[in-house]
Structures are given as C-alpha cells and as structure tokens.
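Observations on the three-dimensional arrangement
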Amino acid sequence: MESPIIDFSKLKHNFEKDLTSAMIPTIWCTGCSLGTNLQAIIRGANLAGYDFDHEMVLVSGIGCTGRASGYVNADGFHTTHGRAIPFASGVRIGNPDLEVIVFSGDGDLFSIGGNHFIHAARKCIDMTVICNNNSTYGLTGGQASPTSFIHTKTPTTIGQNTRPFDLVNLALGAGATYVARYTTAQNTSLPKVIAEAMRVDGFAFIDLVSGCPALYGRRNGYPTGEYMIQNFREASVFVDTSDPANLLPEQTAIEFDRTKGYTRIPVGVFRRPGEDQLKDALPIKGVVP
Amino acid sequence: MEKLETVNDDRLLSGKHLMSGNEAVAEGALAAGVEGYFGYPITPSTSIMEHLIKRISKFKNYFSFLQSEDEIASITAVIGCSWTRKKSMTATSGPGFSLMQEGIGLAAFTETPLVLINVMRGGPSTGLPTFPGQQELMQTHFGSHGDYLIPTLVPGSVQECFDFTVEAFNISEAFRTPVFVLSDQVLSGLKELLTIPEKVEIVDRAVPGKGPVTYKGEEISEVLVPAMNCFGEDKKSFSTGLSHNETGHVDLSADNYDNLINRQHQKITQYEHLLPQPKLQQTDDADIIVVAYGSTARACRLAIKRLRRENHKIGIFTPTTVWPFPEKQLNEVTKGRKVLVVEMSIGQLIWPVERYLHRKVEHIGHTRGQIPPPSLIEKKLKEMLKEDNN
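1. Side note on the overall build of chain B
A tally of regular secondary structure across chain B gives 13 helices and 18 strands. In terms of overall size, chain B behaves like a compact globule, its C-alpha atoms giving a radius of gyration of 21 Å where 390 residues would be expected to give roughly 21 Å. Across its three principal directions, the C-alpha atoms of chain B cover 75 × 50 × 40 Å. Burial analysis of chain B (390 residues in total) assigns 52% to the buried set.

The structure is reproduced here in structure tokens:
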C-alpha cells in the first residue's frame, strides 16, 4: 500500500500562530511525546499570559528536544550540548524583563549539563526548566542516558545500566524553588502546571516523563506511543506532597520493571515557593542598587 | 518587572592613573560601555573581574553580572547576555580558555558580539599559573572546531590594554563578531601610567531597519554584517549552532552553508584595514627585523636600543592584530632583510611569519616562564649580524 502524501501547506494547526510554520513538519518520530509536550508548553505559556512577541525566550540544548526552540514562534536559541541553562542565565540576567523557558532533554540537562542545572537551582536564577525525560539519547540512536533504568537495553548497555537519577530528588536537593513531575499522559492538566511554574519567581523545574517508542521503547518492550502513554497513565501516582514523608528519596523515585515497563511514577508538585524557600535564595537579578 | 531608571554612571575615569594591565582592561571595558560580565576565577585574569565588581557595585544602573560555575557556563552566558543587546564580556586564562572553545565556536557561528580577554600564562594544562606564556596564539585561531576567524588584538603595555579593550568592543559591535584580547601574566600585574581620555569613541551594533553601522568613517556592509535581531525586540530573534539561513533557522543545504561560512570569513578579511595596524619602529634602515608582540616586544625593544647604540641597524615589527595576520605589512617591511621572531613559546608566532614570508626565519622560542631576557635577544641578534659580515 502506498503511503498517503500529506500536503503540509494545506494543514492547519490549532496553535498555528505560535508555531514557526516554515519549520514544520518536525523531525520527531511517530509516537514521540515531544509534540504533545511542546503543545503543553505553548498552552502553558499562553495561560501564564506570556507575550510570545516581546517577552518569551525559549532556549534549548542539543538533541530531539533541542529542536523545539526552532518550532515555536517566539524568540529562542538552540545552544550547544548541555548549555541551555547557562545561556538562559545570560539572557535572564542580561534583560530581567524577559521570561526564559528552558526545554531540553534528560541527556542534555543532566549528563553534559548537570553541573549547570544544580548551580542554576542553587543560585535561584529566575527561569522555568522543563526536562523532556525520555530516558534516552534519541537523536544519536537511543543510547543510555542518566535516567535510563538499570535493566533496560540500549546500544551502549553492557550487562546493565548504571542507576538512574531521580530528577525530582535532585532538584529538591539542589534547592530549586518549584519542583514538579508529570508525564505526557496528563496532557490536560500539564498546561496549568507549566503555567504555574512559569509564574514562579525563581528556579522552577518540571520533570516531564516522556516516551521515545522508536528508539528506547522498541528495545524494551513498549514499541508504540499509545502503549507508552497507557503505561504512564496506569503507573502515575499522585503524591500528597503536604506530607514530608512523601518527599523522601524512596517516595519520589520512578520505579521500572523490565517486563512491565513503568510500575510507579510519583507525580505532582513536590515543592512550591514558600517564604522559607526564598528567604536566603533571592532570585538573581544582576547588580541593582 | 519595573523598568530601571537610567542615570549616568561614572564609567569613564578620565585622567592619569597608575594602573595594572588587568585594571586597565576593566576600565577599557567600562569606557566602551560593557553591560554584562560573566566569569570564573582563574589566575592571572581574576583581577579584571575583581576590579570590575569594585567599580560596578557603585553604579546606579543595572549591570548584568554572575560568577559562573565554570568557564563553559561563563562564555555561554556571555553569548546569552549579548543576545539581549548588551555589550558583554568575560576574561580567562589558559585552562579556562580551553574550556571556552565550545562557546567560542557558537559565538562565531551565530555571529554574537562579545569580548574575551585571555591573560596568557604558561601551559599546557595547569602549567605555570603565575608566570607568563604566549602559547595560545594558535588556539585563538584554531582552538574550536570548524572554520572561523576571530579578530585577535595583542596589547603590549598598560595603555594598550585599555585602548585595545575599547577597540575590541567597537570591533565586536561593528562586525557582529567575538573579539579576543591576548594579554599576558606580565602585563596583568604590571603597573604603568594610564591616560584615560576625556572622550572615547563607541560603536553600537546595527539595529534592523535603522541603516548600517559606521566604523572609523567607513560604512559597514549590511550584506556582510547583517543587523542583529535581539531578544524582546519587535522582530523575532532566533539562532542556532547548526548551519542556519538568514532567519536563523536550520538549513543544512550545501549552498547555504557555503555562503554562510565564507561570508563570516569575508566580513573580517574585507575590513582588515580597520583593525589595529602593526607598529613599525626603526625599520626604515634596519638590516634585521625583529617580530614580537605583547610583553616580549618590550624586551626586544630594549635589546634593539642597546644594539643601536653600537650602530647596529635593527628594527622591530610589532603586530597589534595577530588574526587576521598582517601579512602584507610584514612582507613589505621584511623584504630583503633578515627576520628574527621572538616569543614565549616553542614556536607559534613563527608559523604565520614563515607561512606568509615563504621562507625560513631565525627564532627565539623562550620557554622559561619569563619574558626572554634582553641580553639573550641581543646575543642572538649579534650572531645574526656576525653571519652577515662573514
């Protein structure tokens, strides 16, 4: 059967005005979570009341997620690998009137860019960081990333992978002002969460658990996007974050089983800015008299 | 956020001062209108950051400053800051400069104006943190992967540290390019008389639709140097480290890439004559021309002065812009004359000199973590003169 030819110039997208039409179609594979996630970010930015023309700057690093900045019709920059956060710091401190969003992958933000993440969180630089956490390096062919689970297969796995980062716990420990985790499956509530993170005066982080069926899923028993989303939906557990016991590392970590896929994904907002939070860590705004 | 009121800061300390090279660099940056500094402490460049902080903490205006977690972050933040139309800079030394290479490539490819001061110390690796070297000449040209050409200025005195930093900002803004200033450990702490003028000529980068920039009386082509759309302005601003077209978006086609990197090269080579020109001293009647830059040139001048007293005719060619290399001027001056290259490296300056002169030249590659002693240069020159007489 011949595949139908799609004339993209005749298609219209719900968020046409917020997208760079010339760059569409995207490079992303069928079943990838990135399209849904990017839409959630656009919805979130609209909800937060961001002015796409004069106010918003979307910065991304390298990788599949890195291309996102080029698809959004706002100011943006596609930096070198792992450097989205330092670039965003330069923009935020350079012009405090701008609202900076970093959207990048787990390999970019936490492997090569890990140092920048913990320091930006510690320094409380005012930005929103959203990690498209699909546990793999998609653009280079699905190698193991810092969030790949121990018993999963990748082209760079010998025996088993090293243990993954719990991004929520890492962000809490590094002193992020706002910390949340959601999955692509919660795409209806996600825009509200993203908007809330964007309004935070300080370092806001969202661990957005996503699927890469084409490269990571295929090798680990969940070959389609539908399967992954269903898995996210079933495994997501909303955590009552008012109970400090639920913020312990054992409670925030994602659990993964080689045969069943994700078995427990604690989701929710793990930290909101309180007075204690901002007392010592005032958002950096350069040297102001 | 509320808009900050603009008041005049005391940026230009007009008058005469006794200052070190690093302080002069910081003063030069302030005079040129620097608005953003991102840096990481490293000997011997740290006092640039310290002096700048001392000065800006008294400012009434907003100044973008951050001490980064490493040099990779500082250069990247400088690029980010520059995209908000702020004149931005950083300063570093050897190991930090190596870490910054990634960001330098990004800045060159995205045509981001910024100034990078590299206070050279002895290398490789941690090397000689508190002693001078001139081993980063090649790194400024070939350090980052890919083809790029970044104007590189080399001061040789405290006054030049000030002048060339101002010049570096003007060049970076006029040509939308990163600019390097290569100072060294000797200059960094050397105190000399610095005269800061009453007025400093400042160039601001082109604004889209507002016409081309004029630099040193010459209109800079808008085709070679496209105006920069910065963040938060009316026109959409986007760029990427991937090969990109004029909108800043990805375009990997052969024609586009070919045009892009050749234009970026040409915008520097076409305006080479507007960059600081080499200094020729006592070259008219000279039998031997010494080629040296930075603090090494100071030692050479002393050696030449002594030999001139003995009626030996020796002159000195001091490049003040090393990249693009002043090929034409060097060829004119050294025609039919012997050449001696003096530097604090096993051999870096000698590469462009021999390459552009198409012949072998004499060389002192001093690698003792100090300026080559004038006596050593004198001895070498005398040997060269003796060969002449034989």
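Structure shown, so let's carry the discussion forward.
2. Side note on the overall build of chain A
Regarding its fold elements, chain A presents 11 helices and 11 strands. Overall size of chain A, expressed as C-alpha extent along the three principal axes, is 70 × 50 × 30 Å. Looking at the 289 residues of chain A, the share that counts as buried comes to 55%. Nonlocal contacts in chain A, meaning residues at least 24 apart in sequence, comprise 70% of its contacts between residues at least 6 apart.

3. Observations regarding the interface of chain A and chain B
At the junction of the two partners, chain A supplies 35 residues and chain B supplies 39 residues. Mapped onto the side of chain A that touches chain B, the elements with two or more residues apiece are β2 (75-78), α3 (84-94) and α5 (114-123) of chain A. Residues belonging to the side of chain A that touches chain B are distributed by class as follows: 15 nonpolar, 16 polar and four charged. Taken together, the three bridges between β2 of chain A and strand β12 (residues 238-240) of chain B define a ladder with parallel strand orientation.

4. Observations concerning the sheet that holds strand β15 (residues 314-318) of chain B
Residues and elements named next belong to chain B. If you trace the five strands from one edge of the open sheet to the other, you get β13-β15-β14-β17-β18, paired in mixed fashion. The open sheet terminates on both sides in strands that have one partner only, identified here as β13 (279-281) and β18 (362-365). Recorded for the sheet is a direction-independent mean angle of 20° between the axes of neighbouring strands. Judged from the four bridges that link them, strand β14 (residues 288-291) and β15 form a sheet pairing that is parallel. Looking at β15, one finds that I289 is bridged to G315. Contacts from helix α10 (residues 294-309) reach β14, β15 and β17 (338-343), with the element oriented near 165° to β15. Packing against the sheet, helix α12 (residues 350-357) makes contact with β14, β17 and β18, and its axis sits at approximately 160° to β17.

5. Considerations on the domain arrangement of chain B
Residue and element names in this part refer to chain B. When cut into domains, chain B gives domain 1 (1-276) and domain 2 (279-389). Its C-alpha centre places domain 1 at a distance of 29 Å from the equivalent point of domain 2. Each partner contributes to the interface: domain 1 provides 27 residues, whereas domain 2 provides 22 residues. Listed by contribution, the elements that provide at least two residues to the side of domain 1 that touches domain 2 are β6 (128-132), α6 (137-142), β7 (152-153), β8 (178-184), α8 (185-189) and α9 (254-269). Here the side of domain 1 that touches domain 2 gets four residues from one element, more than from any other, and that element is α6.

6. Concerning the environment of L170 of chain A
Residues and elements named next belong to chain A. By the element assignment, L170 lies in helix α6 (residues 167-174). The buried category is assigned to L170, around which 21 C-beta atoms lie within 10 Å. In the structure, L170 is positioned 147 residues away from M23 in sequence and 35 Å away in space, judged by C-alpha atoms.

7. As for the nonpolar core
V102 of chain A together with V290 of chain B are the most contacted members of the largest nonpolar core, which has 186 residues in total. No other element matches the 10 residues that helix α7 (residues 158-175) of chain B contributes to this core. A domain-level breakdown of this core finds at least three residues from each of domain 1 (1-276) and domain 2 (279-389) of chain B. Among residues more than four places away in sequence, those in contact with V290 of chain B are C300, I304, I314, I316, L340 and V342 of chain B.

8. A short note on the packing of α10 of chain B against helix α13 (residues 374-389) of chain B
Residues and elements named next belong to chain B. In the contact formed by α10 and α13, the axes pass within 8 Å of each other and the chain directions differ by 55°. Comparing their axes, α13 and α10 come out oblique. α10 and α13 meet at a crossing whose hand is right-handed. In this structure, α10 contributes A299, C300, L302, A303, R306 and L307 to the contact, and α13 contributes P374, I377, E378 and L381. Residue classes in the contact of α10 with α13 are distributed as eight nonpolar, no polar and two charged.

9. Some points on the packing of helix α1 (residues 21-32) of chain B against helix α2 (residues 46-56) of chain B
Residue and element names in this part refer to chain B. Their axes nearest at 8 Å, the elements α1 and α2 cross at an angle of 50°. With respect to α2, the element α1 is oriented oblique. Crossing handedness for the pair α1 and α2: right-handed. The segment α1 lies against α2, with N22, E23, V25, A26, A29 and L30 engaging S47, I48, H51, L52 and R55. Each residue belonging to the contact of α1 with α2 can be placed in one class, and the counts come to six nonpolar, three polar and two charged.

What counts, and where the lines are drawn
Residues numbered from 1 in each chain as written. Chains lettered and ligands numbered in written order. Predicted model: local features only at pLDDT ≥ 70, side-chain atom pairs only at ≥ 80, totals over all residues. Helix = DSSP H or I, 4+ residues; strand = E, 2+ residues; numbered from the N terminus. Rg over C-alpha atoms; globule rule 2.2 N^0.38 Å. Buried ≥ 20, exposed ≤ 12 C-beta atoms within 10 Å, placed from the backbone. Contact = placed C-beta atoms within 7 Å. Nonpolar A, V, L, I, M, F, W, Y, C, P; charged D, E, K, R; others polar. Pairing = 2+ DSSP bridges. Axes fitted to C-alpha atoms, helices over the stretch in contact; angles between N-to-C directions. Domains from an automatic or database assignment. Core = buried A, V, L, I, M, F, W, Y, C linked by C-beta atoms within 7 Å. Parallel < 35°, antiparallel > 145°, perpendicular 65-115°, else oblique. Left-handed = near helix turned anticlockwise from the far one by under 90°.

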